[in-house]
Amino acid sequence: MTIITILGFLLIIIGLWGMLTRKHLFRIILGFSIIDTGIHLVIVSLGYIKGRTAPIFDADLSPIDAINRIVDPIPSALVLTAIVIGLAVTALMLVYVIQMHRHKGSLEISDYEELKW
Amino acid sequence: MIKRFFSLIFVVLLALVFLPLVTEIKPLSELGMTSAKYAEDGAAELGAANLVTSVVVTYRGLDTLGEVTVLFITTAGIGFMLRRKTILPEKKRRASEILKSGTSFLLPLIILFGVYIFVHGHLTPGGGFQGGVVIASAIVLLMLSDINMHPDHNILNWLESLSGAFYVIMGILGLILAGGFLDNRFLPLGEFGKIFSAGAIPVIYSLIGLKVGAELVGILNKLGREDK
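Residues numbered from 1 in each chain as written. Chains lettered and ligands numbered in written order. Predicted model: local features only at pLDDT ≥ 70, side-chain atom pairs only at ≥ 80, totals over all residues. Heavy atoms only, no water.

Participant: Hey, could you run me through the overall build of chain A in this one?
Facilitator: When helices and strands are tallied, chain A shows 3 helices and 0 strands. Along its sequence from the N terminus, chain A presents helices and strands in the succession α-α-α. Projecting the C-alpha coordinates of chain A onto the three principal axes gives extents of approximately 65 × 25 × 20 Å. Taking all contacts inside chain A whose residues are at least 6 apart in sequence as the whole, residues at least 24 apart take part in 55%. For chain A, the computed accessible surface area is about 6400 Å², with 69% contributed by carbon and sulfur atoms. Of the side chains in chain A, 9 bear a positive and 9 a negative charge, and the two mean positions are spaced by 7 Å. (Helix = DSSP H or I, 4+ residues; strand = E, 2+ residues; numbered from the N terminus. Contact = heavy atoms within 4.5 Å. Areas by Shrake-Rupley, 256 points an atom, 1.4 Å probe, with all protein chains shown as cover. Lys, Arg positive; Asp, Glu negative; His and termini not counted. Charge placed at Lys NZ, Arg CZ, Asp CG, Glu CD.)

In structure tokens form, the structure reads like this:
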């Protein structure tokens, strides 16, 4: 589980590096998606408890001893929310890119200097 | 080059910020107080076999309502940004025979699978969001295989609005008939682990599934029509 946490942070860093150094708008959005995935991995890994199982009751997992046998369900529920919001934000960013391309016909971030300081 | 150097410094600093988080955090060995409460009482209280679903739909149902609202606002925003008239391109390559036959074979199966996922959200891994996405993927396949196929905008809007409204109505019914907003216990809890169990959770998750599916198809439809 710590290895998953480390991998999640690594993905966040890789995504941020991509967002900072790439010039193409789609690649910046890809960097954002990678950060998003990394954050999901970190949150899920924080709720993991070694040797335990998923919080879904069936023939093998009765609700009586659940407290000692399941991983934390709250991070999973949070990540479920976060994935959908990430999808929505990504779609919105792609539409911004379409609008920007309509105005200037370019997908390079260096061609948009109006807001640069 | 100098810019790249600064980016590198920034990223390394961020890694230093994360370092204590990795080294200091002890792996969880016990459930926290809230989680322990959910694990102990969740199954008996709400009757859903999937504890994550109990948390998402009932215990934190208000968050999910907010999440669905965010998705709705995104769809509205995308519709607003792409509101200028879109001219469909005259010439588009027709789909190949393989794609067409494959679509007509797979389409009902994929839709059935999506419905299965959101109807069984309270029993198995899955639920409204996942099922809605699977259904949207079936419609994308249809749009790819038939270039003149475009889902009816009005039907999508009505489907989305009605399922959203019924979601809120279910919540208010919980407020009136049971313990609180989005409480699922105003419908009988049924037998634990069966499909007709867990009160209103399957109904709410099906509504979420329909809403998410309609919204995603709407987004993809708007993006797909986009052409100069």
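Participant: Explain the side chain of B:Glu215 to me, please; I cannot follow it from the model alone.
Facilitator: Along the chain, B:Glu215 turns up in helix H8 (residues 201–225). Discounting residues that sit within four places of it in the chain, B:Glu215 has contacts with B:Val68, B:Leu71, B:Phe72, B:Thr75 and B:Glu160.

Participant: Just checking my understanding: could you explain the environment of B:Gly121 for this structure?
Facilitator: All names here are of chain B. Within the fold, glycine 121 resides in the loop between helix H5 (97–119) and helix H6 (128–145). For glycine 121 and glutamate 67, which are 54 residues apart along the polypeptide, the C-alpha to C-alpha distance reads 17 Å. In contact with glycine 121, not counting residues within four places along its chain, are Asn50, Thr53, Gly126, Gly127 and Tyr205.

Participant: In this structure, what is going on with the pattern of salt bridges? I would like to understand it.
Facilitator: Any two side chains of opposite charge can pair, given that their charged atoms come close. Residue and element names in this part refer to chain B. Evaluated as defined, the whole model comprises 2 salt bridges over all chains. Its salt-bridge partner being lysine 211, residue glutamate 160 comes within 3.9 Å of it at the nearest N-O pair. In this pair, glutamate 160 sits in helix H7 (residues 153–177) while lysine 211 sits in helix H8, placing the two residues 51 residues apart along the sequence. Residue classification places lysine 211 among the buried residues on the basis of a relative accessible area of 8%. One salt bridge connects lysine 211 with glutamate 215, and the closest N-O pair in it is separated by 3.2 Å. Here lysine 211 and its partner glutamate 215 are both found in helix H8, 4 residues apart, which amounts to about one turn of the helix. The same class applies to lysine 211 and to glutamate 215, which are both buried. Each of Glu160, Lys211 and Glu215 takes part in one network of salt bridges that share partners. (Salt bridge = Lys/Arg side-chain N within 4 Å of Asp/Glu carboxyl O. Buried < 20%, exposed > 50% of the residue type's maximum accessible area, 1.4 Å probe, protein only.)

Participant: Which parts of the structure should I look at to understand the packing of helix H3 (residues 73–104) of chain A against helix H3 (residues 51–59) of chain B?
Facilitator: Angle between the axes and distance between the axes are the two parameters that describe a pair of packed helices. Axis separation between H3(A) and H3(B) bottoms out at 9 Å; the angle between their running directions is 55°. Comparing their axes, H3(B) and H3(A) come out oblique. For the crossing formed where H3(A) meets H3(B), the hand is right-handed. In this structure, H3(A) contributes A:Pro73, A:Ser76, A:Ala77 and A:Leu80 to the contact, and H3(B) contributes B:Leu51, B:Val52, B:Val55 and B:Val56. Residue composition of the contact of H3(A) with H3(B), grouped by class: 7 nonpolar, 1 polar and no charged. (Axes fitted to C-alpha atoms, helices over the stretch in contact; angles between N-to-C directions. Parallel < 35°, antiparallel > 145°, perpendicular 65-115°, else oblique. Left-handed = near helix turned anticlockwise from the far one by under 90°. Nonpolar A, V, L, I, M, F, W, Y, C, P; charged D, E, K, R; others polar.)

Participant: What exactly am I supposed to notice about the interface of chain A and chain B here?
Facilitator: You'll often see interface size given as the accessible area lost when the parts meet. Of the residues lining the interface, 43 residues belong to chain A; the matching set on chain B comes to 54 residues. Carbon and sulfur atoms supply 77% of the area buried between chain A and chain B, which totals about 4400 Å² over both sides. For the interface between chain A and chain B, the tally reads 0 salt bridges. Inspection of the chain A/chain B interface yields 2 residue pairs in polar contact (both at pLDDT 80 or more). Elements represented by at least two residues in the side of chain A that touches chain B include exactly helix H1 (2–21) and H3 of chain A. Examining the composition of the side of chain A that touches chain B, we find that 18 residues originate from one element, H3(A), more than from any other. (Buried area = accessible area lost by both parts, 1.4 Å probe. Polar contact = N/O pair within 3.5 Å; in protein donor to acceptor, adjacent residues only side chain to side chain.)

Participant: Sorry if this is basic, but what is going on with the packing of aromatic side chains here?
Facilitator: Residue and element names in this part refer to chain B. Inspection of every chain in the model, using the stated rule, returns 3 aromatic pairs over all chains. Ring centres of phenylalanine 5 and phenylalanine 6 lie 6.3 Å apart, and the angle between their planes is 55°; this geometry places the pair in the tilted category. Taking relative accessible area as the criterion, phenylalanine 5 reaches 47% and is therefore assigned partly exposed. (Phe/Tyr/Trp six-rings, centres within 6.5 Å; stacked < 30°, edge-to-face > 60°.)

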